[in-house]
Amino acid sequence: HVQLVESGGGSAQAGGSLRVSCSASRNSKRRHCMGWFRQPIGQEREGVAAIYTGGGSTWYADSVKGRFTISYDNAKNTMSLQMNSPKPEDSGMYYCAARDTGLCEIMSAYNYWGQGTQVTVS
């Protein structure tokens, strides 16, 4: 079992910045892919960004390209999402996810999940 714990979240003004992070359990190994999903109230969960932890290749949803940056700190086994110039439509519950194999941009195939952290942009 891969334990993922989100941190950060909170609120930000439109055009400001916000950062969320996700740490794997202290005894877990690096996962092949890690990604961020979000679920706005009343909407379905959607992929936001993903990263190949072994090489840094990244994927972003079109809606966040140029504004969000995903990163992975191998030493800390921690993934972060820097959200610059967030918009109200970026609000929602943000979930950390991971998978062990495959293409990281295939967002439907993630099978390890954190509990989520709320992001509110006004």
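As the structure is a computational prediction, the values presented were derived from the model and not from experiment.

**Observations concerning the side chain of threonine 117**
Consideration 1: By secondary structure assignment, the location of threonine 117 is in strand S11 (residues 117-121).
Consideration 2: Accessibility expressed as a relative area gives 10% for threonine 117, which makes it buried.
Consideration 3: Polar side-chain contacts of threonine 117 include one of 3.3 Å to the backbone oxygen of glycine 8.
Consideration 4: Contact partners of threonine 117, with chain neighbours within four places excluded, come to Glu6, Ser7, Gly8, Gly9, Val20, Gly92, Met93 and Tyr94.

**Some remarks on the pairing of S11**
Consideration 1: By the alternation rule, side chains of S11 split into Thr117, Val119 and Val121, which are all buried, and Gln118 and Thr120, of which none is buried.
Consideration 2: Both strand S2 (residues 10-12) and S11 contribute to a ladder of 3 bridges, which runs parallel. Each residue of the ladder has a partner; that of glycine 10, found in S11, is valine 119.

Quick notes on the rules
- Residues numbered from 1 in each chain as written.
- Predicted model: local features only at pLDDT ≥ 70, side-chain atom pairs only at ≥ 80, totals over all residues.
- Heavy atoms only, no water.
- Helix = DSSP H or I, 4+ residues; strand = E, 2+ residues; numbered from the N terminus.
- Buried < 20%, exposed > 50% of the residue type's maximum accessible area, 1.4 Å probe, protein only.
- Polar contact = N/O pair within 3.5 Å; in protein donor to acceptor, adjacent residues only side chain to side chain.
- Contact = heavy atoms within 4.5 Å.
- Pairing = 2+ DSSP bridges.

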